[in-house]
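Summary of structural features
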Amino acid sequence: MKTGNKIVWVYTWLIVGLVVFVAVLFYILTARSINKVYESYLAERAIATAEKYWERDELDDASYDLVQKRYDQALPIAKELILNADSVIKVRKSLSRYLSDDEITELYTKHIVHFEGKDHQYGVALYYPDNEGNFIVLIRSNNRYGADIISYMGWMLLAAFGITAILVYGVGKLYAGRLVNQIDDAYQNEKSFISNASHELNNPLTAIQGECEIMLLRERTSQEYISALERIKSESQRMIILMKHLLFLSRGDKEIINSAIEPINLQSFIKNFAVHPVNFRAEGPEVVIKANPYLLGIAIQNIVNNACKYSKGKDVLVRVKEYNVYIEDQGIGISADDIKRIFQPFYRGKNARGFEGQGIGLTLSIRILESFGAKIRINSEMNKGTQVHICFLPLSNFAMQI
């Protein structure tokens, strides 16, 4: 699994876990709040019931009417049970159906106890001492409406959890995962680039050192010294070219674009590379592009040289059709697996190992062409040939890109 995918999964689980924690906490607190509100309604009904039965002799008509009105409005669907607290044994036996022994004791000390029954049933017991005697009011009611609200809220939170998980993973996969994968790929390519560059630079240096050591073992003839110096010169030139290519690849695209850009007649420019065994064909009118002629020449020449090298002497066709350049050979071709990696520095196809080269020319060409806004596509078939299609930007689009 790629690093970006691992990070997406880790952060998805972290965020989803946090959402679950918050959702569960919200669910519990909200359910408790709903039940607390319902318990307050029960307590209000119990007090209204007690006042209705035992405050009639102590209130005037207007005040009692208010008590009666409050009783009628306080949780009318509740069931009530009135007990005479002076009959201790009988009352305890009746209360034991709803309350535990500890709750009964608490009722006599605190005068009010809340309890829960089955099927969302809630109740309140109120100890009410009066001048007519001591009484207990027990109110029971089914909080079906509150249960429906809690159930609905639970399903909503579950749906929100699912949507959040999908969105977090989707966004992470789309942006964070892609970005991290790009960074990881760039890092791996950089490691591979440094390793291959070190290897390629080490080869000519090793050859130069070996040639010098051999020459110093004993006296040589003038011709042997000349041959050795020629080999040293060849390896030195190879290393200089490689260094130039590496330095160029380290430059930014804007730096490349801003280096001596000028209008170029595309057909006339490409025709200069039509040297045997390269055949040139122009299709359509002459068009003008903007590029650095020197750098563009390096890019086209590298691609043409590759076509000639891998064609083993067969003809190579270069076609120009308006802003499109096609370079077609009849060579060894490139496998589908190799095409995916052919643009990487120092990468060479499995069937190209027997040919001279360092695997950096095509990468250099692609870098130059893309810096001028050109698009490159390679189509190839093993042992039948390769076509490199380069599509340049018209002048107006090039100006917009800059």
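The structure presented is a predicted model; accordingly, all values stated were derived computationally and were not measured.

1. With respect to the sheet that holds strand 3 (residues 121-130)
Spatially, the 4 strands line up as an open sheet ordered 1-4-3-2, and their pairing is antiparallel. Of all strands in the sheet, those bounded by a partner on one side alone are strand 1 (79-84) and strand 2 (112-116). Each neighbouring strand pair of the sheet contributes to a mean axis angle of 15°, computed without reference to strand direction. This element, helix 3 (residues 88-95), spans strand 1 and strand 4 (133-142) of the sheet and lies at about 155° to strand 1.

2. Overview of the nonpolar core
One finds Leu296, Val325, Ile327, Leu369, Ile390 and Phe392 to be the most contacted residues of the largest nonpolar core, which totals 35 residues. Elements with a contribution of two residues or more to this core: helix 8 (266-271), strand 7 (288-291), helix 9 (293-311), strand 8 (316-321), strand 9 (324-328), helix 11 (361-371), strand 10 (375-381) and strand 11 (385-391). If one sorts the elements of this core by residue count, helix 9 sits on top with 7 residues. Every residue in contact with Ile327, bar those within four places of it in the chain, is listed here: Ile303, Val304, Ala307, Val316, Leu317, Val318, Thr386, Gln387, Val388 and Ile390. In terms of nonpolar packing, the next biggest core, distinct from the first, is built from 14 residues, Val91, Leu95, Ile104 and Ala125 among them.

3. Remarks on unusual backbone geometry
Backbone torsion omega between His276 and Pro277 reads 10°, so that peptide bond is classified as cis. Relative to the helices and strands, Pro277 is located in the loop between helix 8 and strand 6 (278-283). In the Ramachandran plot, His111 falls in the positive-phi region, its phi being about 75° despite a non-glycine side chain. Secondary-structure assignment places His111 in the loop between helix 4 (101-110) and strand 2. Of note in the backbone geometry, Asn383 takes a positive phi value of approximately 65° without being a glycine.

The rules we used
- Residues numbered from 1 in each chain as written.
- Predicted model: local features only at pLDDT ≥ 70, side-chain atom pairs only at ≥ 80, totals over all residues.
- Heavy atoms only, no water.
- Pairing = 2+ DSSP bridges.
- Helix = DSSP H or I, 4+ residues; strand = E, 2+ residues; numbered from the N terminus.
- Axes fitted to C-alpha atoms, helices over the stretch in contact; angles between N-to-C directions.
- Contact = heavy atoms within 4.5 Å.
- Core = buried A, V, L, I, M, F, W, Y, C linked by side-chain atoms within 4.5 Å.
- Buried < 20%, exposed > 50% of the residue type's maximum accessible area, 1.4 Å probe, protein only.

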